[in-house]
Amino acid sequence: MLQFQSPGAILFQLGPLTIRWYGLFIALGFVAAVMVATRFARRWQLDQDKVINSSFVGFIGGIAGARLYYVALSWSQFARNPLEMFATWNGGLSIHGGIIFGMISGLTFARLSGLPVLRMMDMAGCAFPIAQCIGRWGNFFNSEAFGLPVDRSFPLALYIPEVSRPPKFATNEFFHPTFLYESVWNLAVFLFVYFFASKKLARYPGVTFMIYLALYSIGRLLIEPIRTDSIMADTIPVPVIASAAMLILALLAIPVLIGHHRKKASSEN
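Below or above, wherever it landed, is the structure these notes cover. Each chain carries its own residue numbering, running from 1 in the direction its sequence is written. Where local features are concerned, this predicted model is filtered to residues with pLDDT of at least 70; where side-chain atom pairs are given and counted, the filter is 80 or more; whole-chain, interface and lining totals use all residues. Only hydrogens and water are removed before side-chain values are computed, so all heavy atoms of the structure are retained for them.

A surface patch of nonpolar side chains, about 370 Å² in accessible area, is lined by Leu11, Phe12, Leu14 and Leu17. Runs of E in the DSSP output that reach at least two residues are strands. Runs of H or I that reach at least four are helices, and both are numbered from the N terminus. In terms of residues, the nonpolar patch owes the most to one element, strand E2 (residues 10-14), which gives three residues. Tracing the chain through its elements places Leu14 in strand E2. Each residue is placed in one exposure class: buried if its accessible area under a 1.4 Å probe, protein chains only, is under 20% of its type's maximum, exposed if it is over 50%, and partly exposed if it falls in between. Its relative accessible area of 59% is what places Leu14 among the exposed residues. Here a patch means residues that are over 30% exposed by relative accessible area and free of salt bridges, tied together within 9 Å if like-charged and within 5 Å if nonpolar (Val, Leu, Ile, Met, Phe, Trp, Tyr). Surface exposure here means Shrake-Rupley accessible area, sampled with a 1.4 Å probe, where a residue is shielded only by the protein chains that are shown. We define a salt bridge as a contact between a side-chain nitrogen of Lys or Arg and a carboxyl oxygen of Asp or Glu at a distance within 4 Å.

This is how it looks when you write it as structure tokens:
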């Protein structure tokens, strides 16, 4: 049995400068992703500077897209004070928005730079899950992205301060650490796509990314139903809808990509 709680959202303050754990873990996730990307650049003999620049553009686009996606789906929360939409340090980044807009911006830059788009997709498929694994810990320090209440005797019991609890769970103290569940899942996805899929499927560019997308979506479909902060579309969490759509897309794309590459290889022989 393990009970734990956040020590607070702020790492340290230096005069008017406030450094928050959330921002630190987002930054650490990006650094880890770039490290993975540069290893693939060396493996595939790609221009490392272009790969790093593409990663940075994708990161900026992903952060902007993740925030815009969240704000658009939670507009009632920001309507009275629109300036709050810029307060990303308080949380409120949607992973699905980040994936969509990060891929669009990063791949657009990659294509304009002459980098192979499908290879860059596979690179992203290996870099994303380690970034997500690390970034999820920002939710822990913000006391957010937790699940339904659990008894204090539950094997993993996360204490949530009363100010951060949903009103209907105001009297509950301990909750599912769903941020941790997803972090561990993302680590497992990273290990699989990085050490296995990207090597075994190297002759099928684009497939590794689709495997990442499918596995990540499965994890969200399993974890999201026990979260307390999901944005809802009627009675269904929006992330469940988005994850189901991405899973279907990935499962349809995998055989198409494999067939395309086999046909291309056959015509070249």
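Two side chains that carry opposite charge are able to pair once their charged atoms sit near each other. In the structure shown here, the tally under the stated rule is six salt bridges. When the shortest N-O distance is used, the salt bridge between Arg136 and Glu182 registers 3.2 Å. You can see Arg136 sitting in the loop between helix H5 (117-135) and helix H6 (137-141) and its partner Glu182 sitting in helix H7 (residues 178-200), a full 46 residues away along the chain. Of the charged contacts, one joins Arg220 and Glu182 as a salt bridge, the two residues approaching to 3.8 Å between their closest N and O atoms. Linking Arg220 in helix H8 (residues 207-223) with Glu182 in helix H7, this pair joins segments that are 38 residues apart in sequence. For Arg220, a relative accessible area of 4% gives the class buried. On the basis of relative accessibility, which here comes to 3%, the residue Glu182 falls in the buried class. Linked by salt bridges that have partners in common, Arg136, Glu182, Arg220, Glu224, Arg227 and Asp229 make up one network.

Two aromatic rings from Phe, Tyr or Trp, using only the six-membered ring of Trp, form a pair when their centres are within 6.5 Å; if the ring planes differ by under 30 degrees the pair is stacked, by over 60 it is edge-to-face, and anything between is tilted. With the rule as written, the count across this model stands at 23 aromatic pairs. On the numbers, 5.3 Å between centres and 25 degrees between planes, the contact of Phe140 with Phe179 is stacked. With Phe140 in helix H6 and Phe179 in helix H7, this residue pair connects regions lying 39 residues apart in the sequence. Summarising the burial analysis for this pair, Phe140 and Phe179 share the class buried. When the ring of Phe192 is compared with that of Phe196, the centres are 5.2 Å apart and the planes differ by 35 degrees; the resulting orientation is tilted.

Take unusual backbone geometry next. In this model, Ala145 sits at a positive phi of 55 degrees, which is unusual for a non-glycine residue. With respect to the secondary-structure elements, Ala145 resides in the loop between H6 and strand E4 (156-159). Even without a glycine there, the phi angle at Asp234 is positive, about 65 degrees. Relative to the helices and strands, Asp234 resides in the loop between strand E6 (232-233) and strand E7 (236-237).

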